[in-house]
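One-letter residues, chain by chain:
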Amino acid sequence: AQHLGEKPVGCISMIATLAPEIPISRALPFSLPLYCQAHLRTFASPSKPVLAAPTAAAAPEVGKGRVSQVIGAVVDVQFDGKLPPILNALEVQQHDIRLVLEAAQHLGEKPVRCISMNASEGLVRGEPVINTGS
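Every value quoted in this text rests on a predicted model; they were computed, and no experiment measured them. (Residues numbered from 1 in each chain as written. Predicted model: local features only at pLDDT ≥ 70, side-chain atom pairs only at ≥ 80, totals over all residues. Heavy atoms only, no water.)

### Some remarks on the overall build of the protein chain
Inference 1: Of the regular secondary structure elements, the protein chain holds 3 helices and 8 strands.
Inference 2: Its helices and strands in sequence order give the protein chain the pattern β-β-α-α-α-β-β-β-β-β-β, from N to C terminus.
Inference 3: Looking at the protein chain as a whole, 32% of its 134 residues qualify as buried.
Inference 4: Counting only contacts in the protein chain whose residues sit at least 6 apart along the sequence, the fraction spanning at least 24 positions is 55%.
Inference 5: Counting only carbon and sulfur atoms, one obtains 56% of the accessible surface of the protein chain, whose full area is about 8700 Å². (Helix = DSSP H or I, 4+ residues; strand = E, 2+ residues; numbered from the N terminus. Buried < 20%, exposed > 50% of the residue type's maximum accessible area, 1.4 Å probe, protein only. Contact = heavy atoms within 4.5 Å. Areas by Shrake-Rupley, 256 points an atom, 1.4 Å probe, with all protein chains shown as cover.)

Structure representation (structure tokens):
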């Protein structure tokens, strides 16, 4: 372990890499080198843990949009917020069948040109679309 002042940088970074979400009291049973365990016991205390307690992960932002134009298999979707990345799967809601679209091109700040993976018959303007994030 490398020492930077009085803090063993190598040991702490090793544990943070192996188990970043585990509090220090539960990290010690992991199979770490003995010198790392000794350093952690030296520098950790209940009031000042070396590793942070787990935090709730933020839910991924799901973009919502509406169908703005349908030309055969090409569907334009208007998004209010963040545009989905190219090649992301979008799903049309409130449609007779499950209709998946693939984002193919950003047309500006809000519209996205998509390719329908299924038949687009019956698809009308205004139907809600969500970004699946995949």
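### A short note on the pattern of salt bridges
Inference 1: Tallying each qualifying case throughout the model produces 2 salt bridges.
Inference 2: Residues Asp 76 and Arg 113 are paired through a salt bridge, measuring 2.8 Å at the closest nitrogen-oxygen approach. One end of the pair, Asp 76, is in strand E4 (residues 74-79); the other, Arg 113, is in strand E7 (residues 111-116), and 37 residues separate them in sequence.
Inference 3: A residue is classified by how much of its surface remains accessible, and Arg 113, at 28% relative accessible area, is partly exposed.
Inference 4: Between Arg 98 and Glu 91 there is a salt bridge, and its shortest N-O distance comes to 3.4 Å. (Salt bridge = Lys/Arg side-chain N within 4 Å of Asp/Glu carboxyl O.)

### Observations regarding the nonpolar core
Inference 1: If you look at the biggest cluster of nonpolar residues, it comprises 14 residues, and the most contacted ones within it are Val 77 and Leu 101.
Inference 2: Elements supplying a minimum of two residues to this core: E4, strand E5 (89-92), strand E6 (99-106) and E7. (Core = buried A, V, L, I, M, F, W, Y, C linked by side-chain atoms within 4.5 Å.)

### Some thoughts on the confidence of the model for the protein chain
Inference 1: Within the protein chain, residue pLDDT values average 74, and 54% of them lie at 70 or more.
Inference 2: Scored below 50 in pLDDT, residues 1-8 shows 16 contacts in the model against residues more than four places distant or in partner chains. (pLDDT = per-residue confidence, 0-100.)

### Regarding the side chain of Ser 116
Inference 1: Relative to the helices and strands, Ser 116 is located in strand E7.
Inference 2: Its relative accessible area of 9% is what places Ser 116 among the buried residues.
Inference 3: One polar contact links the side chain of Ser 116 to the main-chain carbonyl oxygen of Asn 118, over a distance of 2.4 Å.
Inference 4: The residues contacting Ser 116, other than those within four sequence positions of it, are Ala 73, Val 75, Leu 99, Val 100 and Leu 101. (Polar contact = N/O pair within 3.5 Å; in protein donor to acceptor, adjacent residues only side chain to side chain.)

### Some points on unusual backbone geometry
Inference 1: In the Ramachandran plot, Leu 87 falls in the positive-phi region, its phi being about 75 degrees despite a non-glycine side chain.
Inference 2: Structurally, Leu 87 can be placed in the loop between E4 and E5.
Inference 3: Even without glycine at this site, Gln 94 takes up a positive phi of about 55 degrees.
Inference 4: When you line up the elements, Gln 94 lands in the loop between E5 and E6.

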